[in-house]
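So you can see what is in the structure, the chains are spelled out below.
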Amino acid sequence: MTSHMKPPTSVLFVCLGNICRSPLAEGALRKMCRDAGFDCVIDSAGTAAYHTGDAPDARAIKVAAQNGADITGLAARQIEPEDFYKFTHIFALDRANLEGIKAAAPRDGTAKIAMVLDCLEGCQGQSVDDPYYGDEVGFQVVWEEVSLAASALVKQFAKHGAEAQF
Ligand code: 4NP
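Position labels on residues start from 1 in each chain and follow its written sequence. Where totals are concerned, whole chains, interfaces and linings use all residues; where local detail is concerned, this predicted model gives features only for residues with pLDDT of at least 70, and gives and counts side-chain atom pairs only at 80 or more. Water and hydrogen atoms play no part in the side-chain values, which are based on all heavy atoms of the structure.

A. Quick look at the packing of aromatic side chains. Aromatic pairs are defined between Phe, Tyr and Trp rings, using the six-membered ring for Trp, whenever the two ring centres lie within 6.5 Å; interplanar angles under 30 degrees are classed as stacked, those over 60 as edge-to-face, and all others as tilted. Counted according to the given criterion, the structure contains four aromatic pairs. Judged by centre distance (4.8 Å) and plane angle (80°), the rings of Tyr132 and Tyr133 are edge-to-face. Taken together, the aromatic side chains of Phe13, Phe91, Phe157 and Phe166 make up a single cluster linked through ring pairs.

B. Region of interest: unusual backbone geometry. Residues other than glycine seldom take positive phi values, yet Asn18 does so here, at roughly 60°. Secondary structure elements follow DSSP: runs of H or I of four or more residues count as helices, runs of E of two or more count as strands, with numbering from the N terminus. Note on placement: Asn18 falls in the loop between strand E1 (9-15) and helix H1 (21-36).

C. Molecular detail of the nonpolar core. The criterion is simple. A nonpolar core is a set of buried Ala, Val, Leu, Ile, Met, Phe, Trp, Tyr and Cys residues joined through side-chain atoms within 4.5 Å. Remark: exposure states derive from per-residue accessible area (1.4 Å probe, protein chains only) relative to the maximum for the residue type, with buried under 20%, exposed over 50%, and partly exposed in between. The biggest cluster of nonpolar side chains holds 37 residues, and the ones touching the most others in it are Phe13, Leu24, Leu29, Phe91 and Val116. Secondary structure elements with two or more residues in this core: E1, H1, strand E2 (40-46), helix H2 (58-66) and helix H5 (136-160). Among the elements that take part in this core, H5 stands out by supplying ten residues, more than any other. If we skip the residues at most four places from it in the chain, Leu29 touches Val11, Phe13, Ile42, Ala150, Leu153 and Val154. Listed in part, the twelve residues of the second largest apolar core include Leu12, Ala92, Leu98 and Ile101. We call two residues in contact whenever any of their non-hydrogen atoms come within 4.5 Å of each other.

D. View of the site of the ligand. Any residue with at least one heavy atom within 4 Å of a molecule or strand is counted as near it. Neighbouring the ligand are Cys15, Leu16, Gly17, Asn18, Ile19, Cys20, Arg21, Tyr50, His51, Asp130, Tyr132 and Tyr133. Contacts described as polar in this section are N or O atom pairs within 3.5 Å, which, within protein, must combine one atom able to donate a hydrogen with one able to accept it, while residues neighboring in sequence count only if both atoms come from side chains. The backbone of Ile19 places a nitrogen or oxygen atom 3.0 Å from an oxygen atom of the ligand. Between the ligand and Asp130 there is a distance of 3.3 Å, counted from an oxygen atom to a side-chain nitrogen or oxygen. Residues are grouped as follows: Ala, Val, Leu, Ile, Met, Phe, Trp, Tyr, Cys and Pro are nonpolar; Asp, Glu, Lys and Arg are charged; every other residue, Gly included, is polar. Here the residues of the shell around the ligand sort into seven nonpolar, three polar and two charged.

E. Up close: the packing of H1 against H5. At their nearest, the axes of H1 and H5 sit 8 Å apart, and the two run at 45° to each other. By the angle between their axes, H1 is oblique relative to H5. Both H1 and H5 take part in a crossing whose hand is right-handed. Contacts between H1 and H5 involve Arg21, Leu24, Ala25, Gly27, Ala28, Leu29, Met32, Cys33 and Ala36 on the former and, on the latter, Phe139, Val142, Trp143, Val146, Ser147, Ala150, Ser151, Leu153 and Val154. In terms of residue class, the contact of H1 with H5 is made up of 14 nonpolar, three polar and one charged. Angles run from 0 to 180 degrees between N-to-C directions of axes, and those axes are lines fitted to C-alpha atoms, restricted for helices to the stretch in contact. Oblique is the label for any angle not covered by the other classes, which are roughly parallel (under 35 degrees), roughly antiparallel (over 145) and roughly perpendicular (65 to 115). Crossings are sorted by hand: turned counterclockwise from the far helix by less than a right angle, the near helix makes the crossing left-handed, and turned clockwise it makes it right-handed.

F. Region of the structure containing the state of the cysteines. Pairs of cysteine sulfur atoms within 2.5 Å are identified as disulfides in what follows. A complete count under the given rule lists zero disulfides for this structure. Cys40 forms no disulfide, and the closest cysteine sulfur to it belongs to Cys33, at a distance of 4.6 Å. Looking at the unpaired Cys119, the closest cysteine sulfur is the one in Cys123, lying at 8.5 Å. Judged by relative accessible area, which is 13%, Cys119 ranks as buried.

G. Here's a closer look at the sheet that holds E1. Strands are treated as partners if at least two bridges between them are detected by DSSP. On the basis of which strands lie adjacent, the open sheet formed by four strands has the order E2-E1-E3-E4 and parallel pairing. Of all the strands in the sheet, the pair left with one neighbour each is E2 and strand E4 (112-115). Within this sheet the neighbouring strands show an average axis-to-axis angle of 20°, counted without direction.

Below is the structure:
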């Protein structure tokens, strides 16, 4: 790698089940990166294993599709130790997820860990609320929040690459 090249950025979004919020965050950032021509590795996972192998919730698939993102091919998985070395950034969707991620983190893991809304001025420390037990409107709110975050992330990554801090 020559000195002017930034190291590649790689992002893992983490919620509880990996079927609602983090797949929407993954879909939103993928779309944003594609539109911006920005190269970034993107994945999502859950702190829990309840839904391992499942496709995203039908309501998440629908909201993503309405906004030009196809998340039908995703399959839920639980976060694993390797993730803390493979990804430059790990973003929790809510505070409980952040605690779960930190509890699972190997001591020498290299990923920078933050909450996804930390990248938005005035939203630091705020959670993306779990829409699972609610109605479709909750999924639209999640999409709006993760899209705003995705837009801010692309700007920060374009500026600072893998060194971006949140
Ligand atoms: P997510 O939502 O963490 O945004 O994927 C949930 C999905 C499933 C459950 C809870 C939250 N559940 O209890 O099965």
